[in-house]
Amino acid sequence: MKLNKDFLWGGAVAANQCEGAYLEDGKGLSPMDILPTVQLGRKEAMYHPELALEKDYGYYPSHGAIDFYHRYKEDLELMEQLGIKAFRTSISWARIFPDGEGEPNEAGLQFYDSLFDECKKRHMEPVVTICHFDTPLALTKKYGGWGNRALINLYLDYCRVLFKRYGKKVKYWITFNEINMITHIPFFGGGMVIKEDENVSQIVYQAAHHQLVASALAVKMAHECGEGLLAGCMLAAGSFYPYSCNPEDVWEAVEKNQDSYLFIDVQARGKYPSYAQRIWKEKRVILNMKDGDEEILRCNPVDYIAFSYYSSRLAGVSPDINGKVADGNAIYTLRNPHLDITPWGRQIDPMGLRITMNDLYDRYQKPLFIVENGLGAADKVEADGSINDDYRIEYTRNHIKAMKAAMEDGVICLGYLAWSCIDLVSAGTGEMDKRYGFIYVDRDNDGNGTLERMKKKSFYWYQRVIESNGEEMD
Ligand code: BG6
């Protein structure tokens, strides 16, 4: 099938993984700024942020990252050569509100002004995530993060500033990155530090409710600002398959899918699904919903469903499962024997993208938008400077084919944004070596390197894909 000529081919990054300049021009601290690499204890710090707040781990990859803050013009020039039509990034909330509240920081605002101007100049549509694992650390310290309802208004103050300032430059907005991640990594998703003796579920589902209300009100604000803005939600997607045809396994997969769909059901359909009651009961959650919340959710559904897809997932309870676990990057999944895995343990399943897209589209009947998909792998720079990442080409090709198959099935999809167009710091491990880009960045896990940018073999391949609007993929 032929894709529409305005299909949004592109690439995606996130502020905290690429910008660096972590305290420059008045920026405040973000959660990532206190997380080291996996070698230095990132997992401990992610899941026990109370330690990260106290401890000195020595090296923090987000502090310098790939220095996009100073090199964005050069980087966007490369992306223009790549041919991308859409560039997804996030705004660092702590660059705009260093303390999370008060007066906005003009220097931070100016940075994004010129970044979006540069995108326009290079004929790229910016796609902007308002909060990508990036609730200012000041709000963790003062309010305890999203568990506190006060965050709704602070987020809306931030949105008001963004829509007013950038409403003419940015059409596509995403309210929260991977909103379902809040139940898996509350510090990333909600800036929350939860004590061992607390009811984690009570806190995260209450925090999620605050985000859902905030997201709905942000959608309303985007619509009311008169610039024709489109606001989407964003899911860490990847359908769960049942481990076997044992009905117990099938039910387990249904439940796991519902754990994620719960969020998008609210954002797309405007109300909590009936199974939410079961989840809350099982987890001893008593949701504190204020008068008017239900109406806010009902009246302000999102315009499109953005999602990341890296892999399908597998669930079951059959007795022979013992130990068959794969690395789901924070979302627990069983090892699927039919799939290969990446060097970082993620299962590779292009067909799963077709399945996931069909699931999401059937469920919501709203346009989908693939805003992250890619392969994290170590790349080797050869003596002649070439980087022959055929594995990345193969991964991306197979996923684009699966996307096209889903579109032939009838799914409407606005675009495909590869994660990431340029190498950056991994969110899960803090490593540079886990590279996703079509553009190589000379920086290692310890922060050494010249930061020079180099085109990988996949750069030229993706360039052809975009040029031919997805027709030439060999
Ligand atoms: C998504 C996130 O979960 O996956 C990104 O939105 C992240 O921020 C990406 O970088 C890949 O995961 P990782 O852990 O390999 O960087």
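Look up: the structure comes first, before these words.
Everything numeric here is computed off the predicted structure, so don't read it as measured data.

### Overview of the packing of helix H11 (residues 247-269) against helix H14 (residues 350-364)
The contact between H11 and H14 brings their axes to 11 Å, and the two run at 40°. As the angle between them shows, H11 and H14 are arranged oblique. Considering the relative orientation of H11 and H14, their crossing is right-handed. Along its contact with H11, which presents Tyr261, Ile264, Asp265, Ala268 and Arg269, the element H14 presents Asp359, Leu360, Arg363 and Tyr364. When grouped by side-chain class, the residues that make up the contact of H11 with H14 number 5 nonpolar, no polar and 4 charged.

### Considerations on the pattern of salt bridges
This model, assessed by the stated rule, comprises 34 salt bridges. Note that Glu471 and Lys2 form a salt bridge whose closest N and O atoms lie 3.4 Å from each other. Note that Glu471 is positioned in the segment after helix H16 (457-467) and Lys2 in the segment before strand S1 (8-12), a separation of 469 residues in sequence. Residue classification places Glu471 among the partly exposed residues on the basis of a relative accessible area of 42%. A salt bridge links Asp389 to Arg392; the nearest nitrogen and oxygen atoms lie 2.8 Å apart. You can call Arg392 buried: its relative accessible area is 1%. By sharing partners, the salt bridges in this structure join Asp379, Asp389, Arg392, Asp423, Arg435 and Lys456 into a single network.

### Looking at the site of the ligand
Taken together, the neighbourhood of the ligand is formed by 14 residues, with Gln17, Glu178, Gly428, Lys434 and Tyr436 sitting nearest. Taking Gly428, its main chain carries an N or O atom lying 2.7 Å from an oxygen atom of the ligand. At a separation of 2.5 Å, an oxygen atom of the ligand approaches a polar side-chain atom of Tyr436. For the ligand, the protein covers 97% of the area, taking 380 Å² as the surface of the free molecule.

### Observations regarding the sheet that holds strand S5 (residues 230-237)
With respect to topology, 8 strands assemble into a closed barrel ordered S1-S2-S3-S4-S5-S7-S13-S14, the strand pairing being parallel. Across this sheet, the average inter-strand angle for adjacent strands is 30°, counted without regard to direction. Relative to strand S2 (residues 86-90), S1 is paired through 3 bridges, and the arrangement is parallel. Bridging from a neighbouring strand, Ala12 pairs with Arg88 of S2.

Reading the values: rules and limits
- Residues numbered from 1 in each chain as written.
- Predicted model: local features only at pLDDT ≥ 70, side-chain atom pairs only at ≥ 80, totals over all residues.
- Heavy atoms only, no water.
- Axes fitted to C-alpha atoms, helices over the stretch in contact; angles between N-to-C directions.
- Helix = DSSP H or I, 4+ residues; strand = E, 2+ residues; numbered from the N terminus.
- Parallel < 35°, antiparallel > 145°, perpendicular 65-115°, else oblique.
- Left-handed = near helix turned anticlockwise from the far one by under 90°.
- Contact = heavy atoms within 4.5 Å.
- Nonpolar A, V, L, I, M, F, W, Y, C, P; charged D, E, K, R; others polar.
- Salt bridge = Lys/Arg side-chain N within 4 Å of Asp/Glu carboxyl O.
- Buried < 20%, exposed > 50% of the residue type's maximum accessible area, 1.4 Å probe, protein only.
- Near = heavy atom within 4 Å.
- Polar contact = N/O pair within 3.5 Å; in protein donor to acceptor, adjacent residues only side chain to side chain.
- Areas by Shrake-Rupley, 256 points an atom, 1.4 Å probe, with all protein chains shown as cover.
- Pairing = 2+ DSSP bridges.

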